[in-house]
Amino acid sequence: MKNKPSDIRLGIFGFGCVGQGLYDVLQTIEAAGIEVAKICVKDKEKLRSLPSSAFTYNPQELLQDESITILAELISDAEDAYGIVKQALQAGKTIVSANKKMLATHLPELLELQQKYKGTLLYEAAVGGSIPIIRILESYYSSEPLQQVSGILNGSSNFILSKMEAEGLSYTCALQQAQELGFAEADPALDVGGFDSVNKLCLIIAHAFGVSVKPEQVLRFGIDSITEHDLKFAERIGARIRLVATAVVDSGDQLYVRVLPALVSEQSELYRVTNETNGVTIAPVFAGEQFLKGRGAGSHPTGSAVWADVSAALSGYRYVYPKADTRAIALSKEYKINLYLRCPSSLVLPAADFIELNKISESEGVAYYTASIESETLKSLSAYLAAERIFMAEITPAQAHNIALKNCNTEAVVYS
Ligand code: HSE
């Protein structure tokens, strides 16, 4: 065990999937030279892989220990995580966090605290698992304007989608596997409902575009109402369904953000992103498009990202949010989205809400549509669509055209 006395003492909050992953990484990397002071956990009854002397149940034991050099907050409860990170920053400490929900909700306040008390907050492990996306946006693309950052940011939902499509697993069985493998959140509704991707997208946007976007401002729809009908439909048009997070800036500096299932064609890099892997496309103005792919969830990939943060923070690295205040980018609300929709044939969709709604086909009590709709209307309609277990996915205008061509019996319900 390399947990020998050292000048560098690390306090860890949480010993779940990520905490254990960090611990394993530290045990393996000889050069780490770090002493784990204590690990703070909540559950006194839970069986642990380390002796009880390694643990404390009192967060203050770590937060008030002046001999601790750096803290790692790796718990799943967003409120508790907020309390820990806030107190650490108010004391000017260095802390790394993997809690994307907490970070996306409180980022502006945490950055103010970081500035005021001269502490350090890093959170690479909160976005894209082992993909060093924040570091790349911060450092490499600090001075080149970006047009787009988009991709798959949730390992669990991608795992579910690929297991359903490749192995014919049921949604429930695939979700259970994602939970057993430690990919899913304590509340998996955060994964499959798209909330986790939204939180990660908000963090990306802060670094890529210098804009503060609140999670509730992001148009969001999840994959939880998907059935094999949708997978078959996607296959018929040569596509796969992925949960895609998108942030695009147009030439007028309007920012468009959303997390929606999408029908991705074979030409898309995302088509070949399977299981818990995440994949992110960065589109800089001059460098040309780049695609990063890597493990998006899991104990060791995420533990590795936490260790990268700990190590960087110890070398004095801090985020500078290089794009803040460089461009007058504004969050756009109204834009048109093209969709695929599937629902029971007995259901009458609220046609007046759509710009266009075309029934593509109908069989065995299931109706398939293509549609276009204003983003704000879709946002207000999404709770109704989710409650009715309707599935929808974004399609490109070219896909909408091809679907119409392949289904000559298209019946125009609304056209304006
Ligand atoms: N539940 C998350 C996911 C864990 O599935 O992507 C990694 O952030």
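Up top is the structure.
As the structure is a computational prediction, the values presented were derived from the model and not from experiment.

Another point: unusual backbone geometry. Here the phi dihedral of Lys 118 falls at roughly 60°; this positive angle occurs in a residue that is not glycine. With respect to the element layout, Lys 118 can be found in the loop between α4 (100–117) and β6 (120–122). Positive phi, normally seen in glycine, also occurs at Glu 364, with a value near 45°. Tracing the backbone through its elements, the reader meets Glu 364 in the loop between β15 (356–363) and β16 (366–374). For Glu 364, a relative accessible area of 77% puts it in the exposed group.

Each packed pair of helices is defined by two parameters, the angle between the axes and the distance between the axes. With their axes 9 Å apart at the nearest point, α4 and helix α9 (residues 195–208) run at an angle of 50° to one another. The angle between the axes of α4 and α9 places the two elements in the oblique class. Crossing handedness for the pair α4 and α9: left-handed. In this structure, α4 contributes Lys 100, Lys 101, Leu 103, Ala 104 and Leu 107 to the contact, and α9 contributes Asp 196, Asn 199, Lys 200, Cys 202, Leu 203 and Ala 206. Of the residues in the contact of α4 with α9, the class split is 6 nonpolar, 1 polar and 4 charged.

One finds Phe 209, Leu 255 and Leu 263 to be the most contacted residues of the largest nonpolar core, which totals 110 residues. Looking at this core, the element that brings in the most residues is α9, giving 8 residues. Setting aside residues no more than four positions away along its own chain, Leu 263 makes contact with Phe 233, Ala 234, Ile 237, Ala 239, Arg 240, Ile 241, Tyr 340, Ala 393, Glu 394, Ile 395 and Gln 399. Formed by 23 residues, the second largest nonpolar core is a distinct cluster that contains Tyr 335, Phe 354, Tyr 369 and Ile 390.

Rules of the game
- Residues numbered from 1 in each chain as written.
- Predicted model: local features only at pLDDT ≥ 70, side-chain atom pairs only at ≥ 80, totals over all residues.
- Heavy atoms only, no water.
- Helix = DSSP H or I, 4+ residues; strand = E, 2+ residues; numbered from the N terminus.
- Buried < 20%, exposed > 50% of the residue type's maximum accessible area, 1.4 Å probe, protein only.
- Axes fitted to C-alpha atoms, helices over the stretch in contact; angles between N-to-C directions.
- Parallel < 35°, antiparallel > 145°, perpendicular 65-115°, else oblique.
- Left-handed = near helix turned anticlockwise from the far one by under 90°.
- Contact = heavy atoms within 4.5 Å.
- Nonpolar A, V, L, I, M, F, W, Y, C, P; charged D, E, K, R; others polar.
- Core = buried A, V, L, I, M, F, W, Y, C linked by side-chain atoms within 4.5 Å.

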